[in-house]
Amino acid sequence: MTATVVLGLAWGDEGKGRVCDALAADVGYVSRYSGGNNAGHTVRVGKEDFKLHLIPSGIVREGVVCTIGNGVVINPEVLKQEVEALEKRGIEVRSRLRIDGRAHLIMPYHIRLDSHREKALGKAKIGTTNRGIGPTYEDKISRVGIRVQDVFDEGILRAKIEAALREKNAIFEGIYGEKPYEVEELVSYLLSFKELLFPMVEDTGALLRGALENREQVLLEGAQATLLDNDHGTYPFVTSSNPSVGGACVGAGIPPRYLDQIVGVTKAYTTRVGDGPFPTELFDETGDAIRKAGHEYGTTTGRARRVGWLDLPAIKFSASLNGITHLALTLLDVLSVVERIQVCVGYEIDGERVDEFPMSQTDLHHATPVYKELPGWGVDITGCRMRGDLPETAQEFVEFVEAEVGVPLCMISVGPERDQAIVEKIGA
Ligand code: IMP
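Being a predicted model, the structure only gives us computed values, none of them experimental.

As a further point, take the site of the ligand. For the ligand, the set of nearby residues contains 16 residues, the closest of which are Asn38, Thr129, Thr239, Val273 and Arg303. The separation between an oxygen atom of the ligand and a polar main-chain atom of Val273 is 3.1 Å. A total of 470 Å² of accessible area belongs to the ligand in isolation, and the protein chains cover 97% of it. Its residues placed into classes, the shell around the ligand shows six nonpolar, eight polar and two charged.

Encoded structure:
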């Protein structure tokens, strides 16, 4: 009876979908616990790429039951598109996907509010994915959100939409001079998803707890990442949920005692989409070369990702916060394009050497990285399947990262294909 959590250690896009796909080969259940369609997880099967925003990546593994937990926010239109697109490609979804009735729905007004808020912030904008994520979680916390289960009780649905619109319409009309929403329009909009949702809605927490009691394996698939966590990340440049390990229990509805493996995923370098501090960011041709080699363009928004060197104090902070038991190092092959590799091992902040990732936003903005330089390898490593196959300098890099973070590596990805990875033992 064990649950494994896979979560990102930096600012997202670490390749969690890929790691989950590898681990999903041995599990019965894969569950998303936070975020929504701001995520974009890519899984490659043979020559086919599956880009998933909402449905757990385990869906591409035959027989795996996938759950969207109570902590996720769901855009029903995106859910419908994703279900239909997967089914068109021959993947059975409806009989294997379970959606918690407590999960909140992203409404059209949330998406509009997301974009108004960003405009109002001007230069201080967060750079959100504009998917309505923040406003949906705000309504959840304010207790005026609409949940999946509300779609099955028209009276309650109408009453909740009426209550939500009283304030929302005052904002749209009064502040932005825009047309208000009609209650009935939104009621019919949501009722149009009733048929799609009905066979899939369940108490997914109870389902997972039952599976764990029956000694089945559950994989919890994190979205976004630790440095985007609303409590622990680089606030205010964060998302509105808790992608870190605590969020996994709350958002999937399982007690912490079941978690026994926590896999932290990091790229061999760092990327960030959206605004906010990023001490090791590169603005030169090395950054461009890494961006090009790593195809660092957002799966969800297509935005070019900001690129920089691996930031060990940041990764160590996230490793410690999440209590990771294993590390997965992704996109090692991308570093083949650089001659010398820099790894940040500390910072200089206002003339002082600091080894920890700073809690203070001001300090983080003033942090200049202190680097350790390591030799590159400059050759194609995509054919390596064991650590010993890697060039010596690549092995040195891997060992250095593993020793600094202080937990064993369970996977090193060396290419985009499913089998282009060095997989090491995970488990007892
Ligand atoms: P939101 O989650 O759309 O509100 O965006 C908040 C911040 O999180 C922005 O900087 C986004 O770029 C970032 N973000 C949200 N989801 C992801 C993701 O899946 N990968 C990387 N960054 C993300």
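As a further point, take the packing of helix α11 (residues 312-322) against helix α13 (residues 392-405). Close contact between α11 and α13 brings their axes to 10 Å; oriented N to C, the two are set at 50°. The angle between α11 and α13 falls in the class oblique. Crossing of α11 over α13 shows right-handed handedness. Residues Leu312, Ile315, Lys316 and Ala319 of α11 lie in contact with α13, whose contacting residues are Phe400, Val401, Glu404 and Val405. Tallied by class, residues from the contact of α11 with α13 come to six nonpolar, no polar and two charged.

Moving on: the sheet that holds strand β7 (residues 97-100). Pairing within the open sheet is mixed, and its ten strands lie in the order β9-β7-β5-β2-β10-β1-β11-β15-β19-β20. Looking at the sheet topology across the chains shown, the edges are occupied by β9 (201-202) and β20 (421-423). Judged from the five bridges that link them, strand β1 (residues 2-8) and strand β10 (residues 217-221) form a sheet pairing that is parallel. By the bridge assignment for β10, Thr4 is matched with Leu219.

Right, let's get into helix α1 (residues 16-24). With eight of nine residues buried, α1 lies mostly within the body of the structure. Those residues of α1 not exposed but buried are Lys16, Gly17, Arg18, Val19, Cys20, Asp21, Leu23 and Ala24.

So, about the state of the cysteines. Should the sulfur atoms of two cysteines be covalently bonded, the bond is a disulfide. One pass over the structure, following the stated rule, counts zero disulfides. Considering cysteine sulfurs only, Cys20 is the nearest to Cys249, which forms no disulfide, with 16 Å between them. Looking at Cys384, it has no disulfide partner, and the nearest cysteine sulfur is the one in Cys410, 18 Å off.

Following the criterion strictly, the structure yields seven aromatic pairs and no others. Between Tyr109 and Tyr181 the ring centres are 5.9 Å apart and the planes differ by 70°, which places this aromatic pair in the edge-to-face class. Of the two residues, Tyr109 sits in helix α3 (residues 108-121) while Tyr181 sits in the loop between α5 (154-175) and α6 (183-191), which places them 72 residues apart along the sequence. In terms of burial, Tyr109 and Tyr181 fall into one category: buried. When the ring of Phe172 is compared with that of Tyr181, the centres are 5.5 Å apart and the planes differ by 65°; the resulting orientation is edge-to-face. As far as the burial class goes, Phe172 and Tyr181 line up, both buried. Three or more aromatic residues joined by ring pairs make a cluster, and in this case those are Tyr109, Phe172 and Tyr181. Taking NZ or CZ as reference, Arg89 lies 4.0 Å from the ring centre of Phe50, over its face.

Here Thr330 lies in strand β15 (residues 326-330). With relative accessibility at 3%, the residue Thr330 sits in the buried group.

Moving on: the domain arrangement of the protein. Along its sequence, the protein is organised into domain 1 (3-98 + 203-262), domain 2 (104-195) and domain 3 (266-423). Inter-centroid distance (C-alpha atoms) of domain 1 to domain 3 is 23 Å. Domain 1 puts 38 residues into the contact, and the matching count from domain 3 is 40 residues. Three residues stand out in domain 1 for area buried against domain 3, namely Leu9, Trp11 and Arg18, and they jointly supply 26% of the buried area on that side. Counting across the interface, domain 1 meets domain 3 through four salt bridges.

The next point concerns the nonpolar core. In this structure, Leu220, Leu332, Leu335 and Phe397 are the most contacted members of the largest nonpolar core, which totals 67 residues. Here this core gets six residues from one element, more than from any other, and that element is α13. Apart from residues no more than four positions distant in its own chain, Leu335 is found in contact with Ala268, Tyr269, Ile290, Trp309, Ile341, Trp377 and Phe397. In this structure, Leu105, Tyr109, Leu165 and Leu186 belong to the second largest nonpolar core, which totals 56 residues.

What follows is about the pattern of salt bridges. The full count for this structure, using the stated rule, is 31 salt bridges. Across the salt bridge formed by Glu178 and Arg112, the nearest N and O atoms sit 2.5 Å from each other. Within this pair, whereas Glu178 is found in the loop between α5 and α6, its partner Arg112 is found in helix α3, the two being separated by 66 residues in sequence. Residue class for Glu178 comes out partly exposed when judged on its relative accessible area of 26%. Taking the relative accessible area as the measure of exposure, Arg112 reaches 26% and is therefore partly exposed. Residues joined in a network through salt bridges with shared partners are Asp13, Lys267, Glu296 and Arg305.

Examined against the element boundaries, Glu195 turns out to sit in helix α7 (residues 194-197). Distance from Glu195 to Arg61, taken between C-alpha atoms, is 25 Å for residues 134 residues apart in sequence.

About the criteria used
Residues numbered from 1 in each chain as written. Predicted model: local features only at pLDDT ≥ 70, side-chain atom pairs only at ≥ 80, totals over all residues. Heavy atoms only, no water. Near = heavy atom within 4 Å. Polar contact = N/O pair within 3.5 Å; in protein donor to acceptor, adjacent residues only side chain to side chain. Areas by Shrake-Rupley, 256 points an atom, 1.4 Å probe, with all protein chains shown as cover. Nonpolar A, V, L, I, M, F, W, Y, C, P; charged D, E, K, R; others polar. Axes fitted to C-alpha atoms, helices over the stretch in contact; angles between N-to-C directions. Helix = DSSP H or I, 4+ residues; strand = E, 2+ residues; numbered from the N terminus. Parallel < 35°, antiparallel > 145°, perpendicular 65-115°, else oblique. Left-handed = near helix turned anticlockwise from the far one by under 90°. Contact = heavy atoms within 4.5 Å. Pairing = 2+ DSSP bridges. Buried < 20%, exposed > 50% of the residue type's maximum accessible area, 1.4 Å probe, protein only. Disulfide = S-S within 2.5 Å. Phe/Tyr/Trp six-rings, centres within 6.5 Å; stacked < 30°, edge-to-face > 60°. Lys NZ or Arg CZ within 6 Å of the ring centre and 35° of its normal. Domains from an automatic or database assignment. Buried area = accessible area lost by both parts, 1.4 Å probe. Salt bridge = Lys/Arg side-chain N within 4 Å of Asp/Glu carboxyl O. Core = buried A, V, L, I, M, F, W, Y, C linked by side-chain atoms within 4.5 Å.

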